[in-house]
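Below, each chain spelled out in residue letters.
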Amino acid sequence: MAGLYYEQFEVGHEFRHPLTRTVTEMDNTMFSLLTLNPQPLHIDAHFAEKTEFGQRIFNSLYTLGIMVGMTVYDTTLGTTVANLGMSEVNFPKPVFHGDTLRAVTKVLSKRESKSRPGVGLVEFMHTCLNQNDEVVATCKRMAMMRKQDAA
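Residues numbered from 1 in each chain as written. Predicted model: local features only at pLDDT ≥ 70, side-chain atom pairs only at ≥ 80, totals over all residues. Heavy atoms only, no water.

Caption draft 1: Examining the pattern of salt bridges more closely. All told, the structure shown has 6 salt bridges when counted by the stated rule. Of the charged contacts, one joins E88 and K140 as a salt bridge, the two residues approaching to 3.2 Å between their closest N and O atoms. Placement of the pair is E88 in strand 2 (residues 80-90) and K140 in strand 5 (residues 135-146), with a sequence separation of 52 residues. (Salt bridge = Lys/Arg side-chain N within 4 Å of Asp/Glu carboxyl O. Helix = DSSP H or I, 4+ residues; strand = E, 2+ residues; numbered from the N terminus.)

Caption draft 2: View of the packing of aromatic side chains. In the structure shown here, the tally under the stated rule is 4 aromatic pairs. Ring centres 5.4 Å apart and planes at 75° place the aromatic pair F9 and F124 in the edge-to-face group. Of this pair, F9 sits in the segment before strand 1 (14-22) while F124 sits in strand 4 (residues 119-129), placing them 115 residues apart in sequence. A centroid spacing of 5.3 Å and a plane angle of 20° characterise the contact between F58 and Y62, whose relative ring orientation is stacked. Among the aromatic residues, ring-to-ring pairing joins F9, F15 and F124 into one connected group. In this structure, K110 is placed above the aromatic ring of Y6, and the distance from its NZ or CZ to the ring centre is 4.4 Å. (Phe/Tyr/Trp six-rings, centres within 6.5 Å; stacked < 30°, edge-to-face > 60°. Lys NZ or Arg CZ within 6 Å of the ring centre and 35° of its normal.)

Caption draft 3: How the structure looks around the sheet that holds strand 5. Across the sheet, 5 strands lie side by side as 1-3-4-5-2; this open sheet has antiparallel pairing. This sheet does not close on itself; its edge strands, each paired only once, are strand 1 and strand 2. Across the sheet, the mean angle from the axis of one strand to that of its neighbour is 25°, orientation sign disregarded. As paired strands, strand 1 and strand 3 (residues 100-112) are joined by 6 bridges and run antiparallel to one another. When the sheet's bridge partners are listed, R21 is paired in strand 3 with L101. Where helix 4 (residues 60-75) meets the sheet, it contacts strand 1, strand 2, strand 3, strand 4 and strand 5, and its direction lies at approximately 125° from that of strand 1. (Pairing = 2+ DSSP bridges. Axes fitted to C-alpha atoms, helices over the stretch in contact; angles between N-to-C directions. Contact = heavy atoms within 4.5 Å.)

Caption draft 4: View of a nonpolar patch on the surface. On the surface, L19, Y73 and L77 cluster together to form a nonpolar patch covering roughly 300 Å² of accessible area. Position of L77 relative to the elements: it lies in the loop between helix 4 and strand 2. Its relative accessible area of 36% is what places L77 among the partly exposed residues. (Patch = residues over 30% accessible without salt bridge, like charges linked within 9 Å, V, L, I, M, F, W, Y side chains within 5 Å. Areas by Shrake-Rupley, 256 points an atom, 1.4 Å probe, with all protein chains shown as cover. Buried < 20%, exposed > 50% of the residue type's maximum accessible area, 1.4 Å probe, protein only.)

No statement about biological role is implied by the geometric values presented.
Next comes the structure, spelled out in structure tokens:
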């Protein structure tokens, strides 16, 4: 598996993920409509051009999903049991059609599970940046990770 086991994570380690993603109008429209989000800031160009953004903005939940998705290969692919939660989710700058996103992950903490001997808990801070190195999203994520000897 490409992901790391609990024992392989070190607090303070930072991953600069190589995957990037240029987001498109189709991504934004399809995701918004598939998730039943009729927000005109995402799907109505005429409406959005009259806002302070001057154009449609990319759906923030899709930005969150892309950010976490870009981190999986280097951290949790095949070695995670479950995501236990995400907190402190922030979107300090908007994402626009045509922006290219990348992600950085820092390991904030880790601890043994109190209830399951074959796993440990790892807390990540994910940061998403655009092509101008502006932070467009952040979140903390707690993941339940398999231990090597339990695999």
